[in-house]
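Here is what each chain is made of, one letter per residue.
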Amino acid sequence: MRGTGHRLAAAGGAALIATSVLAGCGSGDGGITINVYKYPQESFQKIVDNCNATADGYQIVYHKLPREADGQREQMVRRLAAEDTDMDVLALDVTWTAELAKAGWIKEFTGQAKSEVEDGTLETPLDTARYEGKLYGAPDNTNVQLLWYRGDLVPTPPKTWDEMIEMGSQLKAQGKPGLVEATGKQYEGLVVLYNTLVNSAGGQILDENGTKAVVDDGAVKALEVLKKFATSDVVDPSFSNFAEDQARLAMEGGNAAFMLNWPYVYAAAQKVPDFAKNLKWAPYPSIDAGDEAEVTVGGINYAVSAFTQHSEESFDAVMCLRNAENQKFAAINDGVPPTIESVYDDPEMAEPYPMRDAILETLKSASARPRTPAYQNVSTVISTILSPPASIDPQATADRLRTELQDALDSKGVLP
Amino acid sequence: MSHAVSPAGADAAVAEEPKLSPKAKAALSEGKKAERRLGLLLCAPAILIMAAVAGWPIIYSVWLSLQRYDLKFPDRTEFVGLDNYITVLSNGYWWNAMWVTVVITVVSVAIELVLGMVLALIMHRTLVGRGIVRTSTLIPYGIVTVVAAFSWRYAWTPGTGYLAETLAGGDPVLTEKVPAIMVVTLAEIWKTTPFMALLLMAGLALVPDDLLKAAAMDGATAWQRFIKVMVPVMKPAILVALLFRTLDAFRIFDNLFVLTAGSQGTSSVSMLTYNNLIKGLNLGIGSTMSVLIFIAVAIIAFVFVKLFGTAAPGSDGGGRR
């Protein structure tokens, strides 16, 4: 099994290199080329082909960025800093908007383009593309975490963190799998978890303008919840080393009753039918009973580089790449939740997306991550200081967060 | 190889030295002056290019290090004097990185010196299959560092790696600080010991066979011959090897980048600089770190050259003392 997988991966890699080399040769034929830089998305080439079939006077070429978010950002940022005119359309993580907009590296959406993007797009993802009241991106896909649980062990899903920890303990006491899987590794996943907790507790990490580190009572409360979870008996022993995929595999492995993770786990679980039939979902647990959790929103927005030489065509290409038809295609084939509300009602979405109502519901109360050009630094500081979550000392950790985050915002901080 | 011609050891070299100095004072004739001017003219283009590609970036990064210069906040660029230096030098992450770098440097260079010496002796003494022995010893040094680092990373990853399963009992060693630093040091030693061995082997060629035979006749044991005869004669070569490796190890980046990317407090100073400069886009702080690394490297070189009397390879052994 494993051997075949590796060989396939190697063949895939070789094919990838071959196509990108060929694409590189093809772009010199005189017509206008719109270079799109996006993470490796399996069915994206199909979407590009669709758009090229109807494109007027230009051809879109898909350039794959590295798989990891850090690698994607580094490559784009380095070329943008050098005012590279060969990049036209950029697929940006929702957290990069402020940084690139402030640096003057991406174009504002105005007039026709702006109203076209705003029309029918869900408010939460749309808001991630805004900075200082201006629109800098067109939401392509969005994402929110849900609570995943084993239907055969848990008859009614927990509403709060306390309930979830309680239920897990009881299951363990009965000798059943009762662990709770979440992303506690020192990376963005831990920031996503903490941001959800802070917003659910009604707290703030930074102020509205993103210029002052607040780390208020809500943020301290969130630290207490995280600490309580990380030192409880239902936490996975490898929690502080787990990213999304390790958490998913651990749950599929059968030790856990609960998992906080993105919707892609549903599609992935279908490869393990025995597990998939018991996999159920519910809204993310809140901190206080009767409250709603405010789950961190993820996703990708398209932006147009400030240094493009084909501005009009680039905006045109963005509109096509993210239209309802293509969003539906990506949702069904790649499992990424759409940002245009009407796509959720499409009957074809029912089978691959049974959890779509839960996603829509969660999206309406979702929260964004701190909005500042220094987000990369803010995120690194948070994940470093919170690692490992079991050693959090709420008040002291909050004080340290406040000082180091303020330094990061003032360009005085040293990134670890 | 001027070394091979002069028969004596270190003491003789010192005795010869005074004879070389007086000639410098002699007045230059017209012809000599013209020749010198032509020489300078011919050198000028090369010097200008060196100044442009090496000098200017250094000056520019010093200039950047005196400013608040953050690409994320382009409209808040200003001159801040030595503020960046205060920020960096009073920061815990910087000193942690410095500490990690020093530990990796000292441990890896020390072990490399011992292993390198053993390898050099083996390569020097081998009579049969000399080519094969030398080539196979040099293989690790010939592999691209990043490629080698990836194979180390997979080897230490539980699930896919043989080393993680056999030596670490399936623990993810690269996710904890101390074990990760040990793995990085090991990878560094494996990678550069051959380089050390190569430099030391060149030193071994300096040791005259007659001297060793004479010592053996006087009843010196193998260990005594090594410590009292070979090492003193080889001293210049050893110091050069140590200098090169120390400077190299101090700037460690590629192994670390692949193995841990600096997580869990395993950043070296170069890694930290990269993170602040390229990831954080903070040109001010990043340049400050570059300048500090430059100063540290200069101090290391100064200590080796002035205090230990390391001479550049090719110049007379023990020339400056």
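Quick caveat, the model's predicted, so the values are computed rather than measured.

## Description of the confidence of the model for chain B
All names here are of chain B. Residues of chain B with pLDDT of at least 70 account for 88%, and the chain-wide mean is 84. Low confidence marks residues 1–23, where pLDDT is under 50. Its contacts with residues over four positions away, or in another chain, come to 13 contacts. Both scores are available for the predicted complex, with the pTM at 0.78 and the ipTM at 0.74.

## Notes on the sheet that holds strand β2 (residues 58–64) of chain A
Residue and element names in this part refer to chain A. Taken together, five strands build an open sheet; the order of strands is β2-β1-β3-β11-β6 and the sheet is mixed. Looking at the sheet topology across the chains shown, the edges are occupied by β2 and β6 (138–143). Across the sheet, the axes of successive neighbouring strands diverge by a mean angle of 20°, strand direction being ignored. In this structure, strand β1 (residues 32–38) lies alongside strand β3 (residues 89–93), joined through two bridges in parallel fashion. Paired with V36 across the bridge in β3 is V89.

## Remarks on unusual backbone geometry
Residues and elements named next belong to chain A. Looking along the chain, the bond that leaves S387 and enters P388 is cis, with omega of -15°. Mapping P388 onto the fold places it in the loop between α17 (375–385) and α18 (394–409). Here the phi dihedral of V215 falls at roughly 45°; this positive angle occurs in a residue that is not glycine. If you trace the backbone, V215 turns up in the loop between α8 (188–200) and α9 (217–230). The class for V215 is buried, based on a relative accessible area of 2%. Non-glycine residue S411 carries a positive phi angle of around 55°. Here S411 is to be found in the segment after α18. When its relative accessible area of 5% is taken as the criterion, S411 is described as buried.

## Regarding helix α14 (residues 283–307) of chain B
Look at α14 of chain B: 35 Å from first C-alpha to last across 25 residues, which is about the 36 Å you get at 1.5 Å a residue. Looking one or two residues beyond α14 of chain B, the residue adopting positive phi is G309 of chain B, at roughly 70°.

## Concerning the pairing of β2 of chain A
Residues and elements named next belong to chain A. In this structure, β1 lies alongside β2, joined through seven bridges in parallel fashion. When the sheet's bridge partners are listed, V36 is paired in β2 with Y62. With respect to chirality, the unit in which β1 leads through helix α2 (residues 44–54) into the neighbouring parallel β2 is right-handed.

## Considering the interface of chain A and chain B
Opposite the 29 residues of chain A that make contact, chain B presents 28 residues. Buried surface at the junction of chain A and chain B, both sides included, amounts to about 2400 Å², of which 53% is carbon and sulfur. Here chain A and chain B share two salt bridges between them. Between K279 of chain B and D70 of chain A there is a salt bridge, and its shortest N-O distance comes to 3.6 Å. Applying the counting rule to chain A against chain B returns eight residue pairs in polar contact (both at pLDDT 80 or more). Elements with a minimum of two residues in the side of chain A that touches chain B: α3 (69–81), α4 (97–102), α17 and α18 of chain A. It is α3 of chain A that contributes the most residues to the side of chain A that touches chain B, six residues altogether.

Conventions used here
Residues numbered from 1 in each chain as written. Chains lettered and ligands numbered in written order. Predicted model: local features only at pLDDT ≥ 70, side-chain atom pairs only at ≥ 80, totals over all residues. Heavy atoms only, no water. pLDDT = per-residue confidence, 0-100. Contact = heavy atoms within 4.5 Å. Pairing = 2+ DSSP bridges. Helix = DSSP H or I, 4+ residues; strand = E, 2+ residues; numbered from the N terminus. Axes fitted to C-alpha atoms, helices over the stretch in contact; angles between N-to-C directions. Buried < 20%, exposed > 50% of the residue type's maximum accessible area, 1.4 Å probe, protein only. Expected span 1.5 Å × (residues − 1). Right-handed = clockwise from strand over helix to strand, strands pointing away. Buried area = accessible area lost by both parts, 1.4 Å probe. Salt bridge = Lys/Arg side-chain N within 4 Å of Asp/Glu carboxyl O. Polar contact = N/O pair within 3.5 Å; in protein donor to acceptor, adjacent residues only side chain to side chain.

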